[in-house]
Amino acid sequence: MTESGVEAAGTKATTETGGKLELGPVGHLGDRLFGGLARGSGGLVVLIVAFVGIFLLALAIPALIDDKSSFLFSRIWEPGGDEPRFGIAALFYTTVISSIIAMLIAVPIAIGVALFVTYYAPKRLAAPVAHAVDLLAAVPSIIYGLWGILFFAPILRPVINGLSSALGWIPLFEKPPGDNVGVVFTASVVLAIMILPVVTAISREIFAQTPISHREGALALGATRWEMIRLSVLPYGRSGVVSASMLGLGRALGETVAVLIILSVPNGNDPWNSSIFAGGETFASKIANNAAEFDSPEKTGAYIAAGLVLFVVTFLVNSAARIIVDRSTPGAKRPRRNRRAGAATEGASA
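Because the structure is a prediction, the values reported are computed rather than measured.

Focus: the packing of helix α7 (residues 212–220) against helix α8 (residues 225–254)
- Between α7 and α8, whose axes approach to 9 Å, the crossing angle comes to 150°. As far as their axial angle goes, α8 and α7 are roughly antiparallel. Here α7 and α8 pass one another in a crossing that is right-handed. Contacts from H214, R215, A218 and L219 in α7 reach M228, S232 and V233 in α8.

Given below as structure tokens:
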């Protein structure tokens, strides 16, 4: 029966027992309103992202045209003057290396905490630990920055000295002269602490949603608790952990205040140092630290161009995360059809 037929039939229907069932009027106004709001919300998000990208691109193009050096491969940053020269090589390196180190530290710890809270800790202990980890996300960035440079950096000094003594022959771990505590390694450890609650919370929720039939089935077959986690929980939550990690990576790439406070800005006359035990600047800290220089379109365009690169990097990270999640989600791929088996089946049915 069509929708008009249902409406014409009135609000009464006869049940199998012969009684009459009162039905409310059938209407679709709410469905249309909700569908329109949902589509409008999705379209609004896409438009906001597009407008931000267009805004950055429109302001960055004139500065990029006037740039007298290689924007992608130069480490010089002199956006003013008649012949501006600026490049993002040093900014890109510091941003990426600090975020990678933060991820290498935070993700294994987050997975361990999530598994402990979900499957190992008693109920009386699991809730306080989960709340304590979640509270880390409520701490302001400026508090992390002040705590990192004043309290945590001196604690990391023996670690830095030990790593440089053991691995100093590698340029990445070579310690420059001096006793600088505002180094990339310190900023990376603080970033790891900042993204830890994000990765832990999402991983914990994903691990808790593992079907009980998978867990109980593994235990019934004689698997230990760790074997049950390795064979059932971790494969089920892989896509969720990847999503959580990429979300934390996006937070690390764009963190500004804490990194700005911790990292020491190298002297422009000093040679560039690729060591994680040296100072540096990320995209976000560079823009925030030099906001007072936005006094001309040329200088502003240079910093906007750096922000555009950060925008593109973050977008690519999120896109890569979505691709990884889609490929690792069970049932995301359609099984390939065996042509020979299909031909044989069709022949047999014929």
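On we go.
Structural notes on the UniProt feature "transmembrane region" (unreviewed entry) in the protein chain
- Per the UniProt record, "transmembrane region" (unreviewed entry) is annotated on residues 42–65, 88–121, 133–160, 180–202, 240–265 and 302–325.
- Helix makes up 83% of residues 180–202 and strand 0%, and the two end C-alpha atoms of the span are 36 Å apart.
- Each end of residues 302–325 is marked by a C-alpha atom, and these two atoms are 35 Å apart; helix forms 100% of the span and strand 0%.

So, a nonpolar patch on the surface
- Together, I142, I143, L146, W147, L150, F151, I155 and V257 give the surface a local cluster of nonpolar side chains, amounting to about 740 Å² of exposed area.
- Looking at the nonpolar patch element by element, the count peaks at seven residues for helix α5 (residues 141–167).
- Tracing the sequence through the fold places V257 in helix α9 (residues 257–262).

Describing the nonpolar core
- Core analysis: the biggest nonpolar cluster contains 56 residues, and W77, I88, F185, I276 and F283 have the highest contact counts within it.
- Among the elements of the structure, α2 (29–66), α3 (89–120), α5, α6 (184–208), α8, α9 and α11 (297–328) are those that each provide at least two residues to this core.
- It is α11 that contributes the most residues to this core, 12 residues altogether.
- Residue contacts for F185: discarding those within four places in its chain leaves L156, V159, I160, L163, I276 and F277.
- Counting 10 residues, the second largest nonpolar core, distinct from the first, contains A114, F207, A218 and A223.

Considering the pattern of salt bridges
- All chains considered together, the criterion is met by four salt bridges.
- A salt bridge links R251 to E255; the nearest nitrogen and oxygen atoms lie 3.3 Å apart.
- For R251, a relative accessible area of 30% translates into the label partly exposed.
- We note a salt bridge from E281 to K286, for which the minimum N-O separation is 3.2 Å. Per residue, the accessibility class of E281 equals that of K286, and both read buried.

Concerning the packing of aromatic side chains
- Inspection of the entire model under this criterion finds 10 aromatic pairs.
- Of the aromatic side chains, those joined through ring pairs into one cluster are F71, W77, F86, F294 and Y303.

With respect to α8
- With 30 residues, α8 ought to run about 44 Å at 1.5 Å a step, yet its terminal C-alpha atoms sit only 38 Å apart, falling short of that.
- The largest bend along α8 reaches roughly 55° and is located at R238.

Quick look at the side chain of S188
- Mapped onto the secondary structure, S188 falls in helix α6.
- Setting aside residues no more than four positions away along its own chain, S188 makes contact with I97, S98, I101 and A102.

Remarks on the environment of A106
- Position of A106 relative to the elements: it lies in helix α3.
- According to the relative accessible area criterion, A106 is buried, its value standing at 1%.
- Measuring from C-alpha to C-alpha, the distance between A106 and L191 comes to 8.5 Å, with 85 residues separating the pair along the chain.
- If near-sequence neighbours (up to four positions away) are discounted, A106 is found in contact with A192, I195 and L196.

Let's talk about empty space enclosed by the protein
- By the definition in use, this model includes four cavities of 30 Å³ or more.
- Roughly 60 Å³ of internal volume is contained in the largest cavity.
- Forming the boundary of the largest cavity are A153, R157, I160, N161, K175, D179, N180, V181 and T186.
- Ranked by residues supplied to the lining of the largest cavity, first place goes to α5 with four residues.

Thresholds applied
- Residues numbered from 1 in each chain as written.
- Predicted model: local features only at pLDDT ≥ 70, side-chain atom pairs only at ≥ 80, totals over all residues.
- Heavy atoms only, no water.
- Axes fitted to C-alpha atoms, helices over the stretch in contact; angles between N-to-C directions.
- Helix = DSSP H or I, 4+ residues; strand = E, 2+ residues; numbered from the N terminus.
- Parallel < 35°, antiparallel > 145°, perpendicular 65-115°, else oblique.
- Left-handed = near helix turned anticlockwise from the far one by under 90°.
- Contact = heavy atoms within 4.5 Å.
- UniProt positions renumbered as here; feature names shortened; annotations may be inferred.
- Patch = residues over 30% accessible without salt bridge, like charges linked within 9 Å, V, L, I, M, F, W, Y side chains within 5 Å.
- Areas by Shrake-Rupley, 256 points an atom, 1.4 Å probe, with all protein chains shown as cover.
- Salt bridge = Lys/Arg side-chain N within 4 Å of Asp/Glu carboxyl O.
- Core = buried A, V, L, I, M, F, W, Y, C linked by side-chain atoms within 4.5 Å.
- Buried < 20%, exposed > 50% of the residue type's maximum accessible area, 1.4 Å probe, protein only.
- Phe/Tyr/Trp six-rings, centres within 6.5 Å; stacked < 30°, edge-to-face > 60°.
- Expected span 1.5 Å × (residues − 1).
- Bend = angle between axes of the 7 residues up to and from the residue.
- 1 Å grid on protein atoms, 1.4 Å probe; cavity = no way out; pocket = protein on both sides within 12 Å on 5 of 7 lines; lining within 4 Å.
- Points joined across faces, edges and corners; volume = space filled by probe spheres on them.

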